[in-house]
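Chains, contacts and geometry: an overview
Now for the letters of each chain:
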Amino acid sequence: MTQKFEIRTENPEPGTGRHQRPLAGDSRSAVMGLHDIPKVRAMLLIFTLLLTAICLTVTGELLLKSGMNQVGEFSASFNAVFRTFTEWRVLLGFMLIFGGGLFWLGVISRVDFSFAYPLLALSYVISLIPAHFFLGEHVTLNRIIGACVIVIGVVIVTWRAPV
């Protein structure tokens, strides 16, 4: 798992060690070599699993919030616990969060935890849109700027990502 994701800009000329630009119509990419295709597929799989985990988790969290808006304030009393866990949105929310956790297992089984975990911060970015449209929350400029900082951080973490 310590392999580096490497992008090649030129193809070596066979037997010479020199590099040449690919000819027009050449099936080899000028951006990356054919040997890099499995690495790209691996990264696409990781990001697909990650985005699925995030979307399921964010949807589940939205349902938890919506359900708790109906139930009211949570406390350790029997009535509050009963009302909470008989609310369909709360139950469905927990199921979706669990489903997101299954996809997260797919991510952390393929890459280093120190690489994968910071990518979960994208859930904060993704959650802004449904929080505004479905929960009616006000998304402030500070939250938008914070989301942009998170995106920059994710780009830095994934730059030349190991696969």
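Focus on a nonpolar patch on the surface
- On the surface, a nonpolar cluster with roughly 760 Å² of combined accessible area is contributed by F74, V81, F85, W88, L91, L92, F94 and M95.
- Elements with a minimum of two residues in the nonpolar patch: α2 (78-85) and α3 (88-108).
- It is α3 that contributes the most residues to the nonpolar patch, five residues altogether.
- Inspection of the secondary structure puts F85 in helix α2.

Regarding the packing of aromatic side chains
- In total, this model carries four aromatic pairs according to the counting rule given.
- Geometrically, the ring pair formed by F78 and F82 is stacked, given 6.1 Å between the ring centres and 20° between the ring planes. Taken together, the residues F78 and F82, both in helix α2 and four residues apart, mark about one turn of the helix.
- What makes F78 exposed here is its relative accessible area of 65%.
- Between the aromatic rings of W104 and Y117, the centroid separation amounts to 6.2 Å while the plane-to-plane angle is 65°, which identifies the pairing as edge-to-face. One end of the pair, W104, is in helix α3; the other, Y117, is in helix α4 (residues 113-119), with 13 residues separating them in the sequence.
- Residue classification places W104 among the buried residues on the basis of a relative accessible area of 14%.
- Among the aromatic residues, those joined into a cluster by ring pairs are W104, F113 and Y117.

Brief notes about the packing of helix α1 (residues 37-71) against α3
- Put simply, α1 and α3 touch, their axes get as near as 7 Å, and they point 160° apart. It follows from the interaxial angle that α1 and α3 lie roughly antiparallel. Considering how the two elements wind past one another, α1 and α3 form a crossing that is left-handed.
- Partitioned by chemical class, the residues of the contact of α1 with α3 number 16 nonpolar, eleven polar and two charged.

Quick notes on the packing of α1 against helix α5 (residues 122-133)
- It is at 10 Å that the axes of α1 and α5 come closest, and there the two elements cross at 45°. In this view, α1 runs oblique relative to α5, as classed from their interaxial angle. Once α1 is placed against α5, the crossing between them reads as right-handed. On α5, the residues touching L51, I54, V58 and L62 of α1 are L122, S123, I126, S127, P130 and A131.
- In the contact of α1 with α5, the residues fall into eight nonpolar, two polar and no charged.

Procedures and definitions
- Residues numbered from 1 in each chain as written.
- Predicted model: local features only at pLDDT ≥ 70, side-chain atom pairs only at ≥ 80, totals over all residues.
- Heavy atoms only, no water.
- Patch = residues over 30% accessible without salt bridge, like charges linked within 9 Å, V, L, I, M, F, W, Y side chains within 5 Å.
- Areas by Shrake-Rupley, 256 points an atom, 1.4 Å probe, with all protein chains shown as cover.
- Salt bridge = Lys/Arg side-chain N within 4 Å of Asp/Glu carboxyl O.
- Helix = DSSP H or I, 4+ residues; strand = E, 2+ residues; numbered from the N terminus.
- Phe/Tyr/Trp six-rings, centres within 6.5 Å; stacked < 30°, edge-to-face > 60°.
- Buried < 20%, exposed > 50% of the residue type's maximum accessible area, 1.4 Å probe, protein only.
- Axes fitted to C-alpha atoms, helices over the stretch in contact; angles between N-to-C directions.
- Parallel < 35°, antiparallel > 145°, perpendicular 65-115°, else oblique.
- Left-handed = near helix turned anticlockwise from the far one by under 90°.
- Nonpolar A, V, L, I, M, F, W, Y, C, P; charged D, E, K, R; others polar.
- Contact = heavy atoms within 4.5 Å.

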